[in-house]
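Close look at the chain arrangement
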Amino acid sequence: MGRDLSLAHGQEIMQSGNSIDTAAKPEDMLLSIVESGIEQVPPEFIKPPHERVSRLDSEGPHEQIPVIDLAMLDDKGAGKRQVLAEIVRACEEWGCFHLINHGVPAQVMDAAMDATKRFFALPAVEREKYRMTKIGGKGYGQAYVGKAKDWNDRLFLTDFSGEEEPNPDRGCAFSYDLVLTNPPGAQEALASYGEAMHKLVQITLALLSEALGQTPEFLSSKLPSLFGTVLTHYPPCPQPDLVMGLAPHEDGGIFTFLQQSNVLGLEVLKDGRWVPVQPVAHAFVFMVADLVQIVSNDRFKSVTHRALAGPIARTVMANFTATVKDAVIQPAPELCSDRNPPAFRSVVYKEFLKYLGTTDLHVHRLEAFRLRQ
Ligand SMILES: O=C(O)CCC(=O)C(=O)O
Ligand SMILES: [Fe+2]
């Protein structure tokens, strides 16, 4: 690659482990290929055998990821202590959990998901009007991992190019930069969703801080938050065993909230085994990302995850929280001691993103920053 990576490109790479080909022709977009009526997967999507997964691998009884219920927070005493203890356990053991009663209204979630599905159901010529024109920019594009393409198309609602300065009036650079005039009502639905998600992000930053035994402002004072949303559509695949919806990776930001349609596909790695995440209506899948693993001094784990393709279309709204390019990322001194020395070296976020964007690795990329004792 070798090109200079801006925050946004790096951020996209960091978020999903992918880069974007802005030069793809309309007929190259996966949805257009699928809509042309294929019975076989085109060669550019076929993964080498060692990167393929059979759905059968994931069959059988599985533990489910933990569920955390924010309704318990109403009780400021025992209820809150229990929520914090559950967050600690989930973030240490899994790096992820389902969050329920999180305050984002069900109808807001449904309207946003409906808008997302309606976008991907637009005629190709309408989708093309939103084509991404620069790396890391907003718009309609494809994700790539390694040599073979992943089986998805994506719509970036947020500009991750780093060329736009955070706008404090909109709350830590929260902005949906893409203006969707089609499908009708999508813009309004996604704007309401973004506002509600932004509130949830602030609540979560405070809860994670307290779960780490610190003040509610702890994480936001170390890492100014930037929030953005990417819509991902995995079209039905005629040969799912040959492809990957989204190759294994960890997200490179602070944390991620996923809202998924009611179709299996997301899997998380736990103790060396892939665990399918059964969709839970109106829950978010919360995932710890790399920066929390570093700041927590290796206590909370950035979860490795992947998405399988399947015979049924699947749609996911990924809400990423990252930070500003000049933020210094390091284990918090408050969380280090002589007996628990810093596990990672300090790095400026833009340098971290540059590394994520240039390494061939997609998993365990944090290891490059680990200090060996
Ligand atoms: O499809 C999913 O559930 C995972 C999406 C994801 O991991 C990402 O966009 O970074
Ligand atoms: Fe991800």
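Cut-offs used in this document
Residues numbered from 1 in each chain as written. Chains lettered and ligands numbered in written order. Predicted model: local features only at pLDDT ≥ 70, side-chain atom pairs only at ≥ 80, totals over all residues. Heavy atoms only, no water. Helix = DSSP H or I, 4+ residues; strand = E, 2+ residues; numbered from the N terminus. Buried < 20%, exposed > 50% of the residue type's maximum accessible area, 1.4 Å probe, protein only. Polar contact = N/O pair within 3.5 Å; in protein donor to acceptor, adjacent residues only side chain to side chain. UniProt positions renumbered as here; feature names shortened; annotations may be inferred. Salt bridge = Lys/Arg side-chain N within 4 Å of Asp/Glu carboxyl O. Axes fitted to C-alpha atoms, helices over the stretch in contact; angles between N-to-C directions. Parallel < 35°, antiparallel > 145°, perpendicular 65-115°, else oblique. Contact = heavy atoms within 4.5 Å. Nonpolar A, V, L, I, M, F, W, Y, C, P; charged D, E, K, R; others polar.

As a further point, take unusual backbone geometry. Note the cis peptide between Asn182 and Pro183, where omega equals 5°. In this fold, Pro183 is placed in the loop between strand E5 (149–156) and helix H6 (186–211). Phi is positive for Asn101, close to 50°, though the residue is something other than glycine. Take Asn101: it is sitting in the loop between strand E3 (96–100) and helix H4 (106–120).

A word on the side chain of Thr158. Among the secondary structure elements, Thr158 is positioned in the loop between E5 and H6. Classification of Thr158 by relative accessible area gives buried; the value is 4%. A polar atom in the side chain of Thr158 sits 3.0 Å from the backbone nitrogen of Thr229.

With that out of the way, let us pick up the UniProt feature "domain: Fe2OG dioxygenase" (unreviewed entry) in the protein. UniProt marks residues 222–324 with the feature "domain: Fe2OG dioxygenase" (unreviewed entry), using the numbering shown here. As a span, residues 222–324 carries 7% helix and 46% strand, and end to end its C-alpha atoms are 11 Å apart.

Quick look at the pattern of salt bridges now. Counted under the stated rule, the structure contains 16 salt bridges. Across the salt bridge formed by Glu35 and Arg127, the nearest N and O atoms sit 3.0 Å from each other. On the criterion of sequence distance, the pair formed by Glu35 in helix H2 (residues 30–35) and Arg127 in helix H5 (residues 124–128) is long-range, its members being 92 residues apart. Among the residues examined, Glu35 registers a relative accessible area of 46% and is labelled partly exposed. The partner of Glu126 in a salt bridge is Lys129, and the shortest N-O contact between them spans 3.0 Å. Of the residues examined, Lys129 reaches a relative accessible area of 58% and is grouped as exposed. Here the residues in one salt-bridge network are Asp298, Lys301, Glu367 and Arg370, joined through shared partners.

Turning to the packing of helix H3 (residues 78–93) against H6, a few remarks are in order. Running from N to C, H3 and H6 point in directions that differ by 85°, and their axes come no closer than 9 Å. Compared by their axis directions, H3 and H6 come out roughly perpendicular. Only Leu207, Leu208, Glu210 and Ala211 of H6 make contact with H3, whose side of the interface consists of Lys80, Leu84, Ile87, Val88 and Cys91. For the contact of H3 with H6, the residue count by class is seven nonpolar, no polar and two charged.

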